[in-house]
Amino acid sequence: MSKSPTISVIMPVYNADRYVAQAVESILTQTFADFEFLIVDDGSTDRSLKILRHYAAQDDRIHLTSRPNTGYVIALNEMLRLAKGEFIARMDADDVALPDRFQRQVAFLRQHPEVVCVGGSHDIIDAQGRLLTTLKLPESNEEIQRLALAGHGSICHPCAMIRRSTIIAIGGYNEAMMPAEDLDLWLRLGELGQLANLPEPVLRYRLHMKSVSEQNTMHQRQRAREACEQAWQRRGIVGNFEASDRWRPGTDRASRLFFTLRYGWWAFNSRQRSTAILYGLRAITINPFNLEGWKLLICAIVKPFPKREPTNSLE
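Below is a summary of the structure that appears in this document. (Residues numbered from 1 in each chain as written. Predicted model: local features only at pLDDT ≥ 70, side-chain atom pairs only at ≥ 80, totals over all residues. Heavy atoms only, no water.)

1. Quick look at the nonpolar core
Counting 54 residues, the largest nonpolar core has Val-9, Met-11, Val-20, Val-24, Phe-37 and Met-161 as the members making the most contacts within it. For this core, the element with the most residues is helix H10 (residues 253–269), which contributes 7 residues. Every residue in contact with Val-24, bar those within four places of it in the chain, is listed here: Met-11, Phe-37, Ile-39, Leu-52, Tyr-55 and Ile-62. If you look at the next biggest cluster of nonpolar residues, it comprises 24 residues, including Val-116, Ala-160, Ile-162 and Ile-170. (Core = buried A, V, L, I, M, F, W, Y, C linked by side-chain atoms within 4.5 Å. Buried < 20%, exposed > 50% of the residue type's maximum accessible area, 1.4 Å probe, protein only. Helix = DSSP H or I, 4+ residues; strand = E, 2+ residues; numbered from the N terminus. Contact = heavy atoms within 4.5 Å.)

This is the structure:
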């Protein structure tokens, strides 16, 4: 009888051929190698399945399933039922795990048996992989839960490592809460144990227009409110939903300009001069009569860099 792996990595994939090879390689090259890698190709119509089959043929830790599209939350629950590891590590097909992510998260969970889920800080990159900023998340259970109860994303979903026994005990993901299934999960996990984030980055999180969050911003906010209201009722508390609906760009020009400027200043404050210049030029292209784009461009070209500080919120 074969020994169960320490970690079960679960990754749903849908039309991610531009990024999925980098995501898979970032898992296969982890310094902590005792894992199984469960992947569901959720009915991709691009080259994703071909790429995944290539890697599955090379590494027997990969267990690949391909079937018609059902949606990624159903795929996550499907993989949870197959998982054998002590811990569940989430991964998305467009992100990049840092090499020692698993080693540090397993060590933390071993040292803190009261913690049922640990995430971490993470670098924010754009569609081309350019660094924008490092997002610093709260580390203490009290602060993570306080923010979650107000609707804030206090753990980054693809950064999470969860005790399998705990996520199974709460019934896995609530498919009705998609696309705020992660917030709902943190709230329910937090009722059985403590939550935590590592202070160091564990992942490079990619922002691009085809991501679930980008495409479902308003629906996601509505589901997040419902998840919070249900948690308030379960816990017998009076809550206050604070999450902003302005955390991803919309299709209107004002929204695109706002986020282009935000990303540009993030890059500048992260000492990424060429990226800041690029976003300054993009802002001017969106609205050449708005002075903020010109301000960003000029600062990016001539101004000395500030001391690099991590970003504390996406909102």
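2. Notes on the pairing of strand E6 (residues 115–125)
Burial analysis of E6 places 11 of its 11 residues in the buried class, the great majority of the element. The pairing of E6 with strand E9 (residues 194–206) spans 10 bridges and is parallel. By the bridge assignment, Ile-125 is partnered in E9 with Arg-206. With 2 bridges connecting them, E6 and strand E8 (residues 161–163) associate as antiparallel partners. Paired with Val-118 across the strands is Met-161, a residue of E8. Pairing between E6 and strand E7 (residues 131–135): 4 bridges, direction antiparallel. Bridge assignment links Ile-125 to a residue of E7, and that residue is Leu-131. (Pairing = 2+ DSSP bridges.)

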